[in-house]
Amino acid sequence: QVQLVESGGGLVQPGDSLRLSCTTSGLTFNTYAMGWFRQAPVKAREFVSAISRVNQTPYYADSVKWRFTISRDNAKNTLYLQMNDLTPGDTGVYYCAAYSGSYYFTETTVGYWGQGIQVTVSS
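Here the residue numbers are simple positions, counted from 1 along each chain's written sequence. Note on the predicted model: pLDDT of at least 70 is required for a residue's local features to be given, and 80 or more for side-chain atom pairs to be given and counted; whole-chain, interface and lining totals, by contrast, use all residues. Just so you know, side-chain values use all the structure's heavy atoms and leave hydrogens and water out.

Caption draft 1: Focus on the side chain of Thr24. Per the convention used, a helix needs a DSSP run of H or I reaching at least four residues, while a strand needs a run of E reaching at least two, with both numbered from the N terminus. Here Thr24 shows up in strand S3 (residues 18-25). Throughout this description, buried means an accessible area under 20% of the type-specific maximum (1.4 Å probe, protein chains only), exposed means over 50%, and partly exposed covers the range between. Its relative accessible area of 11% is what places Thr24 among the buried residues. Here a polar contact is taken to be a pair of N or O atoms separated by no more than 3.5 Å, where protein atoms must pair a possible hydrogen donor with a possible acceptor and residues adjacent in sequence count only if both atoms sit in side chains. At 2.9 Å, the side chain of Thr24 and the backbone oxygen of Asn77 are in polar contact. Note on contacts: a residue pair qualifies if any of its non-hydrogen atoms lie within 4.5 Å across the two residues. Apart from the residues within four sequence positions on either side, Thr24 is in contact with Gln3, Leu4, Phe29, Met34 and Asn77.

Now the structure itself:
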């Protein structure tokens, strides 16, 4: 029923930019706060960014603040993550998330996950 599909990942060099998209179906998009998590090899999944439902208030991990911009288009049921000035530390699998709770900085409140998409930053 519920499906979240990420796109826009790939292999880039340090300093490059990528724009991730998360298209959703099977849920009332406007009723969910949305977010992005990422997981590097042999590391735990970590919070990257989140955005509230209607007011569209953004939240960012300190490691990506000023470089990443989260946005959503409720008319298109789509979540975005613009990633600028990428570094090797940004490498990992990026997951789109739909929250079922109000605390954005933990996986505990995530109701639905995308399948993940690889982002590799390497020279």
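Still to come is the rest of the account.
Caption draft 2: View of the state of the cysteines. The criterion for a disulfide is a pair of cysteine sulfur atoms lying within 2.5 Å. Across all of its chains, the model carries 1 disulfide by this definition. What pairs with Cys22 in a disulfide is Cys96, and their sulfur atoms sit 2.0 Å apart. The sign of the -80 degrees torsion about the S-S bond sets the Cys22-Cys96 disulfide as left-handed. Taken together, the residues Cys22 in strand S3 and Cys96 in strand S9 (residues 92-99) connect sequence positions 74 residues apart. Relative accessible area serves as the criterion here: at 0%, Cys96 is assigned to the buried category.

Caption draft 3: Structural view of the sheet that holds strand S7 (residues 68-73). Pairing in this open sheet of 4 strands is antiparallel, and the strands run S1-S3-S8-S7 from one edge to the other. At either end of the open sheet lies a strand with only one pairing partner, and these are strand S1 (3-7) and S7. Recorded for the sheet is a direction-independent mean angle of 15 degrees between the axes of neighbouring strands. Strands are treated as partners if at least two bridges between them are detected by DSSP. Where S3 and strand S8 (residues 78-83) come together, 6 bridges link them in antiparallel fashion. Of the residues in S8, the one forming a bridge with Leu18 is Met83. Here, axes are lines fitted to C-alpha atoms. For helices the fit covers the stretch in contact, and angles between N-to-C directions go from 0 to 180 degrees.

Caption draft 4: Local environment of the packing of aromatic side chains. Only Phe, Tyr and Trp rings take part, Trp by its six-membered ring, and two of them pair if their centres are within 6.5 Å. Stacked means planes under 30 degrees apart, edge-to-face means over 60, and tilted covers everything else. The full count for this structure, using the stated rule, is 10 aromatic pairs. Relative to Tyr104, the ring of Tyr99 has its centre 4.9 Å away and its plane inclined at 50 degrees; by these criteria the two rings are tilted. Exposure remark for Tyr99: the relative accessible area of 3% places this residue in the buried category. The structure contains a cluster of three or more aromatic residues connected by ring pairs, namely Phe37, Phe47, Tyr59, Tyr95, Tyr99, Tyr103, Tyr104, Phe105 and Trp113. We count a charge as sitting over a ring when the NZ of a lysine or the CZ of an arginine lies within 6 Å of the ring centre and within 35 degrees of the ring normal. Here the basic side chain of Arg45 rests over the ring of Tyr95, its NZ or CZ set 4.7 Å away from the ring centre. Here Arg45 stacks its cationic end above the ring of Trp113, 3.7 Å away from the centre of that ring.

Caption draft 5: Quick peek at the environment of Gly26. If you trace the backbone, Gly26 turns up in the loop between S3 and strand S4 (34-39). It is 4.2 Å that separates the C-alpha atoms of Gly26 and Val2, two residues lying 24 residues apart in sequence. For Gly26, the residues in contact, after removing those within four places along its chain, are Gln1 and Val2.

Any link to function would need more than the numbers given here.
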